[in-house]
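Here are the chains, one letter per residue:
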Amino acid sequence: MEVTQCINFLLTRAQHAVLSYFRSRLDEYDVTPVQYGILSCLWCKDGQTATEIAQRICLDGSTITGILDRMENKGLLERQSDPNDRRAIRVVLSDKGRQLEKPLGEVVKASNQRVLDIFTKEEQELFVESLKRVADNISKW
């Protein structure tokens, strides 16, 4: 099989193009796409553990630690001891992190739409559902 026809190649190429586009759109806020994912988790439910966040956005524990360090250094979040469990550390938004919810939400919504604009409405729904099916089913093998 020609490598350019391989599903892995095509998904990687598409993912790289979309990631680069999102990165360029988020740059003005000094936030990376994965940092946006973490912020988004915390906007939905502040005070999660690093493990909870990592599971939600499919990162491993060692990866999220460095990302949280960088985000804490940028003043986007803080780590706090859990008052109910001294062993647990909770990740909480700073004021700066909270203030980014609306502008970043608008950037990501517009970016998603820009990526999907190459498809008809029906194709958009099918594309998103197809990606979900691949992600949900391949992990079961």
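Source: prediction; values computed, not measured.

With that settled, the discussion passes to helix H4 (residues 61–73). The first and last C-alpha atoms of H4 sit 19 Å apart over 13 residues, in line with the 18 Å expected at 1.5 Å per residue. Those residues of H4 that sit buried are Ile64, Ile67, Leu68 and Met71. Across the axial projection of H4, the buried residues extend over an arc of 105°, all falling on one side. Turned more than 90 degrees away from the buried face of H4 sit Ser62 and Asn73, all of them exposed. Elements that come into contact with the buried residues of H4 comprise helix H2 (33–44), helix H3 (50–56), strand S2 (77–82) and strand S3 (85–93). Two residues or fewer past H4, glycine 75 is found with a positive phi of approximately 80°.

This next bit is on the side chain of glutamine 48. Positionally, glutamine 48 belongs in strand S1 (residues 48–49). Judged by its relative accessible area of 9%, glutamine 48 is buried. Of the polar contacts made by the side chain of glutamine 48, one reaches the backbone oxygen of cysteine 41; its length is 2.9 Å. Engagement of the side chain of glutamine 48 in a polar contact is seen with the backbone oxygen of lysine 45, the distance being 2.9 Å.

As a further point, take the nonpolar core. Residues Ile38, Leu39 and Leu104 are the most contacted members of the largest nonpolar core, which totals 23 residues. Elements that contribute at least two residues to this core include exactly helix H1 (7–26), H2, H3, H4, S3 and helix H6 (101–116). When residues in this core are grouped by element, the largest group, six residues, is from H2. Once residues lying within four places of it in the same chain are set aside, the contact partners of leucine 39 are Val31, Met71, Leu76, Leu93, Gly97, Leu100 and Leu104.

A word on the state of the cysteines. A covalent bond between the sulfur atoms of two cysteines is what we call a disulfide. Tallied over the full model, the rule gives zero disulfides. Take cysteine 41: it sits in no disulfide, and the sulfur closest to it among the cysteines is that of cysteine 44, at 7.0 Å. Residue class for cysteine 41 comes out buried when judged on its relative accessible area of 8%.

On to the pattern of salt bridges. For the structure shown, the criterion picks out 10 salt bridges. The residue arginine 90 makes a salt bridge to glutamate 52 at a minimum N-O spacing of 3.4 Å. Here the residue arginine 90 occupies a position in strand S3, and glutamate 52 occupies one in helix H3, the gap between them amounting to 38 residues. On the accessibility criterion, glutamate 52 (29% relative accessible area) is partly exposed. Aspartate 69 serves as the salt-bridge partner of arginine 79, at 2.8 Å between the closest nitrogen and oxygen. In this pair, arginine 79 is assigned in strand S2 and aspartate 69 in helix H4, connecting sequence segments 10 residues apart. The partly exposed category is assigned to arginine 79, whose relative accessible area is 28%. One network of salt bridges, in which partners are shared, links Asp46, Asp95 and Arg98.

Time to look at the packing of aromatic side chains. Remark: the centre distance and the inter-plane angle together describe each pair of aromatic rings, the angle taken between the planes. In this structure the tally under the stated criterion is three aromatic pairs. Summarising the aromatic geometry, the rings of tyrosine 21 and phenylalanine 22 are spaced 6.2 Å apart at their centres and angled 85° between planes, so their arrangement reads as edge-to-face. Taking relative accessible area as the criterion, tyrosine 21 reaches 24% and is therefore assigned partly exposed. A residue is classified by how much of its surface remains accessible, and phenylalanine 22, at 12% relative accessible area, is buried.

Parameters and conventions
- Residues numbered from 1 in each chain as written.
- Predicted model: local features only at pLDDT ≥ 70, side-chain atom pairs only at ≥ 80, totals over all residues.
- Heavy atoms only, no water.
- Helix = DSSP H or I, 4+ residues; strand = E, 2+ residues; numbered from the N terminus.
- Expected span 1.5 Å × (residues − 1).
- Buried < 20%, exposed > 50% of the residue type's maximum accessible area, 1.4 Å probe, protein only.
- Arc of directions from axis to C-beta.
- Contact = heavy atoms within 4.5 Å.
- Polar contact = N/O pair within 3.5 Å; in protein donor to acceptor, adjacent residues only side chain to side chain.
- Core = buried A, V, L, I, M, F, W, Y, C linked by side-chain atoms within 4.5 Å.
- Disulfide = S-S within 2.5 Å.
- Salt bridge = Lys/Arg side-chain N within 4 Å of Asp/Glu carboxyl O.
- Phe/Tyr/Trp six-rings, centres within 6.5 Å; stacked < 30°, edge-to-face > 60°.

That is the geometry; function is a separate question.
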